[in-house]
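# Understanding the architecture of this molecule
Chain residues, written in single-letter form:
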Amino acid sequence: MTDTGTDTGTDTVTFRPTPAPKSHAPTSSPTIHGSREPTSSPTLSPFEIEHTALLVIYYATRPQTWTKRLKWLSPDHCDYYGVRCDDSGRVVSINLSDNNLNGIIRANSLEAFTELEVLDLSLNPSLIFPNDLSGFLDPLRSSLNYLSLSSNNITSSSFPLRSSFPYLQTLL
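Cut-off values and rules
- Residues numbered from 1 in each chain as written.
- Predicted model: local features only at pLDDT ≥ 70, side-chain atom pairs only at ≥ 80, totals over all residues.
- Heavy atoms only, no water.
- Helix = DSSP H or I, 4+ residues; strand = E, 2+ residues; numbered from the N terminus.
- Buried < 20%, exposed > 50% of the residue type's maximum accessible area, 1.4 Å probe, protein only.
- Contact = heavy atoms within 4.5 Å.
- Areas by Shrake-Rupley, 256 points an atom, 1.4 Å probe, with all protein chains shown as cover.
- Disulfide = S-S within 2.5 Å.
- Pairing = 2+ DSSP bridges.
- Core = buried A, V, L, I, M, F, W, Y, C linked by side-chain atoms within 4.5 Å.
- Salt bridge = Lys/Arg side-chain N within 4 Å of Asp/Glu carboxyl O.
- pLDDT = per-residue confidence, 0-100.

## Digging into the overall build of the protein
- Looking only at helices and strands, one finds two helices and nine strands in the protein.
- Across the 172 residues that make up the protein, the buried fraction comes to 44%.
- Long-range contacts, defined as pairs at least 24 residues apart, comprise 62% of the intrachain contacts of the protein with a sequence gap of at least 6.
- Of the roughly 8600 Å² of accessible surface on the protein, a fraction of 52% belongs to carbon and sulfur atoms.

Right, dumping it as structure tokens:
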């Protein structure tokens with residue numbers, strides 16, 4: 001993983017082959033550069049898509065300010081601090097609560113996480129969410145059962161209704 005240190009406001013993801021440390025690890029490792037459009041093959045595995053999506057969130061939230069970032073940038077995102085995967089390597093939980101995330105979470109940031117059950121981004125007061133919070137969370141509608149965005153910079157007037165998420169048990 002290389003980071004040029006310059007912020008152009010956009011990210012491009014390209015892939016380089018790397019050895020896979022685990023059976024569900026990606027066959028390639030993303031590198032963030034200029035635009036938001038992936039420049040890789042159109043047949044990425046769900047693991048590779050989630051891996052890339054986590055890295056986009058990582059760089060968008062100024063990782064140098066994070067309180068904890070153990071193993072972030074390692075080849076297997078299931079080892080990242082705050083990320084839990086199921087047996088097949090799919091992300092089922094992202095808990096980066098009280099981790100000093102600082103930046104803007106883009107509206108399409110969560111689209112890759114189709115199996116996500118837990119999302120906890122609470123207690124990150126410098127974290128900014130999209131104005132359309134319902135649209136931001138919509139990709140998680142069929143899997144999310146725990147959501148905590150409390151004590152954050154939320155200015156949305158369109159907070160999602162609990163009834164819109166059939167499996168949601170906890171909303172904080």
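## Comments concerning the state of the cysteines
- Counted by the stated rule, this structure contains one disulfide.
- Here C78 connects covalently by a disulfide to C85, the sulfurs 2.2 Å from one another. On the sign convention where negative is left-handed, the bridge of C78 and C85, at about -100° about the S-S bond, is left-handed.
- On the accessibility criterion, C85 (17% relative accessible area) is buried.

## As for unusual backbone geometry
- The backbone phi angle of K71 is positive, close to 65°, even though this residue is not glycine.
- With respect to the element layout, K71 can be found in the loop between α1 (46–60) and β3 (83–85).
- Here K71 falls in the partly exposed class, since its relative accessible area comes to 45%.
- In the Ramachandran plot, L123 falls in the positive-phi region, its phi being about 60° despite a non-glycine side chain.
- When you line up the elements, L123 lands in the loop between β6 (118–120) and β7 (127–128).
- Given the relative accessible area of 40%, L123 is considered partly exposed.

## A word on the sheet that holds strand β4 (residues 91–95)
- Taken together, five strands build an open sheet; the order of strands is β3-β4-β6-β8-β9 and the sheet is mixed. Each of the sheet's edge strands pairs with one partner strand only, and the pair in question is β3 and β9 (170–171).

## Some points on the nonpolar core
- With 35 residues, the main nonpolar core has F113, L119 and L137 as its most contacted residues.
- Going through the elements one at a time, α1, β3, β4 and α2 (133–137) are the ones with two or more residues in this core.
- Of the residues forming this core, the biggest block, seven residues, is contributed by α1.

## Things to note about the pattern of salt bridges
- Following the criterion strictly, the structure yields two salt bridges and no others.
- One salt bridge in this structure joins D138 and R141, with 2.3 Å as the shortest N-O distance.
- Take D138: its relative accessible area is 35%, and that puts it in the partly exposed class.
- Judged by its relative accessible area of 28%, R141 is partly exposed.

## A few points about the confidence of the model for the protein
- Overall, the prediction assigns the protein a mean pLDDT of 78, with 71% of residues at 70 or greater.
- Looking across the protein, the model is least confident in strand β1 (residues 13–17), with a mean pLDDT of 41, and most confident in β3, with 98.
- Note that pLDDT drops below 50 for residues 1–21; the model gives that stretch 70 contacts with residues more than four away or on any other chain.

## Overview of the environment of V118
- Relative to the elements of secondary structure, V118 occurs in strand β6.
- Sequence separation between V118 and T170 is 52 residues, and the spatial gap between their C-alpha atoms is 9.4 Å.
- Look past the residues within four positions of V118 in its chain and what remains in contact with it is V92, S93, I94, L144, N145 and Y146.

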